[in-house]
Amino acid sequence: MLRLAVFVSGRGSNLVSIYNSVPDNKAKIVAVVSNKPDCPAIEFAKQKNIDVFFISEKEKTGFVNYNQLADRLAELKVNLIVLAGFLKKIPDNFIDHFENKIINIHPALLPSFGGAGMYGMNVHNAVWKSGSKVSGATIHFVDKIYDHGRIIYQKKVDISDAGSPEEIAAKVLKIEHEILPYVVLKFSENKIKIIDDKILIE
Ligand code: GAR
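A brief look at the structure comes next. (Residues numbered from 1 in each chain as written. Predicted model: local features only at pLDDT ≥ 70, side-chain atom pairs only at ≥ 80, totals over all residues. Heavy atoms only, no water.)

So, on to the sheet that holds strand β5 (residues 102-106). An order of β3-β2-β1-β4-β5-β6-β7 is seen for the seven strands of this open sheet, with the pairing classed as mixed. Edge positions in the sheet fall to β3 (51-54) and β7 (151-158), since each has one partner strand and no second. On average, each strand axis in the sheet is tilted by 20° relative to the strand beside it, whichever way the strands run. Here strand β6 (residues 134-141) pairs with β7 via seven bridges, running antiparallel. By the bridge assignment, Ile-139 is partnered in β7 with Tyr-153. Where helix α2 (residues 40-47) meets the sheet, its contacts fall on β1 (2-8), β2 (27-34) and β3, and the angle it forms with β3 comes to roughly 150°. Helix α3 (residues 66-75) contacts β1, β2, β3 and β4 (80-83) of the sheet and is inclined by roughly 150° relative to β1. (Pairing = 2+ DSSP bridges. Helix = DSSP H or I, 4+ residues; strand = E, 2+ residues; numbered from the N terminus. Axes fitted to C-alpha atoms, helices over the stretch in contact; angles between N-to-C directions. Contact = heavy atoms within 4.5 Å.)

Shown next as structure tokens:
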């Protein structure tokens, strides 16, 4: 069974979509991690009695650092970390520690519209400005470079009728809520295979 830690920074709609769409006997969210203690995602985790950890690279009361977090996640037997709207860069040694066990959802079709500063509405504003008629969402493994790790799954959406960046965001979010539970389910069934530099979903 998959034991998930979901990392969040804000609204938490992707956290909720995993919670609601992936059956408990396939994947269980055993930890929610955030750099922001007061956000709707943390509120949701507490309501559902999920263990919550606050993360900071600096010494801060009530927060753990990445080494302490790695220990807590090991105790909870976490075998997949999902970055679902987590907007902080993760330190290299934590990425090494969880090699091929951290995935991220990005609200555009990578490798376009990714990289430092490309998160949330910044992405949709850039897509809007580009005049692109399609956007979408990407799920990829996390490596040491922003939005660069191997792509696991993508789905596109027609945005030719979107009248604003906010409308693009809403269309993309709908796609995100479909594909993230789908990919988590595939991980839980061991149907995601890494073959050389490609990812195959069976
Ligand atoms: C989502 O759109 C996610 O793709 C994006 O933040 C939003 C979080 O929403 N992530 C990034 O931009 C990462 N580069 P949520 O808190 O409602 O899940």
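After presenting the structure, the write-up continues.
Turning to the site of the ligand, a few remarks are in order. Around the ligand sit 13 residues, and of these Arg-11, Gly-12, Ser-13, Gly-120 and Glu-176 come closest. A distance of 2.6 Å separates an oxygen atom of the ligand from a polar atom in the side chain of Arg-11. Note that a nitrogen atom of the ligand is positioned 3.4 Å from one of the backbone N or O atoms of Met-118. Isolated, the ligand exposes 450 Å² of accessible area, and the fraction of that covered by the protein chains is 92%. Elements supplying a minimum of two residues to the shell around the ligand: α1 (13-21) and β5. (Near = heavy atom within 4 Å. Polar contact = N/O pair within 3.5 Å; in protein donor to acceptor, adjacent residues only side chain to side chain. Areas by Shrake-Rupley, 256 points an atom, 1.4 Å probe, with all protein chains shown as cover.)

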